[in-house]
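Inside the fold
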Amino acid sequence: MILTTTPSIEGKQIYEYKGVVFGEVITGVNFIKDWAAGIRNVIGGRSSSYEKELLEAREKALDELERRAAQMGADAVVGIDIDYEVLGANNGMLMVTASGTAVRVS
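The residue count restarts for each chain, going from 1 along the sequence in the order it is written. Where totals are concerned, whole chains, interfaces and linings use all residues; where local detail is concerned, this predicted model gives features only for residues with pLDDT of at least 70, and gives and counts side-chain atom pairs only at 80 or more. Computation of side-chain values covers all heavy atoms of the structure but excludes hydrogens and water.

Let us look at the overall build of the protein. Only DSSP runs of H or I covering at least 4 residues are called helices, and only runs of E covering at least 2 are called strands; the numbering of each starts at the N terminus. When you go through the protein residue by residue, the secondary structure sums to two helices and four strands. Think of it in three bands: with a 1.4 Å probe and only protein chains considered, a residue is buried below 20% of the maximum accessible area for its type, exposed above 50%, and partly exposed in between. Scored against the burial criterion, the 106 residues of the protein give a buried share of 29%. Within the protein, contacts between residues at least 6 apart in sequence are counted, and of these 76% link residues at least 24 apart. What sets the accessible areas is the Shrake-Rupley method with a 1.4 Å probe; for residues, cover comes only from the shown protein chains. As displayed, the protein has an accessible area near 6,700 Å², and 53% of this comes from carbon and sulfur atoms. The contact definition used throughout considers only heavy atoms, calling two residues in contact when any of these lie within 4.5 Å.

Below, the structure is given as structure tokens:
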């Protein structure tokens, strides 16, 4: 399946719009990752534990989007947008939402 942030696919013609499709993931960020990120915040540098968590959440959201688009009979998703939010009383949850338009192309 073709997944793209663009509204069209070069060399392909969209011939059917199946509808808007979403993939959502909500994941917890545990104490150890918070602690390690806190140290990085003080001494500087990148937080590889948070980066890994973000990468995994984004990939899962796109996988879910792709699965739902396939269930709709689509073979591509165009105009994909990815949003990130923190949730919970202590901002301990990360929500990643991917959305786009499921289409059939030729």
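Inspection of the secondary structure assignment puts Leu62 in helix H2 (residues 48-71). Distance from Leu62 to Ser99, taken between C-alpha atoms, is 8.6 Å for residues 37 residues apart in sequence. Each residue touching Leu62, except ones within four places of it in the same chain, is listed here: Leu3, Ile80, Ile82 and Ala98.

Our next topic: the nonpolar core. The nonpolar side chains of a soluble globular protein tend to be buried with one another. Ranked by internal contacts, the top residues of the largest apolar core, which has 13 residues, are Val21, Leu65, Ala69 and Val77. Residues in contact with Val21, not counting those within four places in the same chain, are Leu65, Arg68, Ala69, Met72, Val77, Ala98, Ser99, Gly100 and Ala102. What makes a nonpolar core is a set of buried Ala, Val, Leu, Ile, Met, Phe, Trp, Tyr and Cys residues whose side-chain atoms join them at distances within 4.5 Å.

Moving on, we get to the pattern of salt bridges. A side-chain nitrogen of Lys or Arg and a carboxyl oxygen of Asp or Glu constitute a salt bridge if their distance falls within 4 Å. Under the defined criterion, the tally for this structure stands at six salt bridges. With its nearest N and O atoms 2.5 Å apart, the salt bridge here joins Glu64 to Arg67. Placement of both Glu64 and Arg67 in helix H2 is noted, with a separation of three residues, approximately one turn of the helix. Accessibility expressed as a relative area gives 18% for Glu64, which makes it buried. Residues joined by salt bridges that share partners form a network here, namely Glu24, Glu64, Arg67 and Arg68.

Turning our eyes to something else, we now look at a nonpolar patch on the surface. A cluster of nonpolar side chains, contributed by Ile26, Leu87 and Met93, occupies part of the molecular surface with about 240 Å² of accessible area. Its location among the elements puts Leu87 in strand E3 (residues 76-87). Patch construction takes residues with relative accessible area above 30% that form no salt bridge. Like charges are linked within 9 Å, and nonpolar side chains (Val, Leu, Ile, Met, Phe, Trp, Tyr) are linked within 5 Å.

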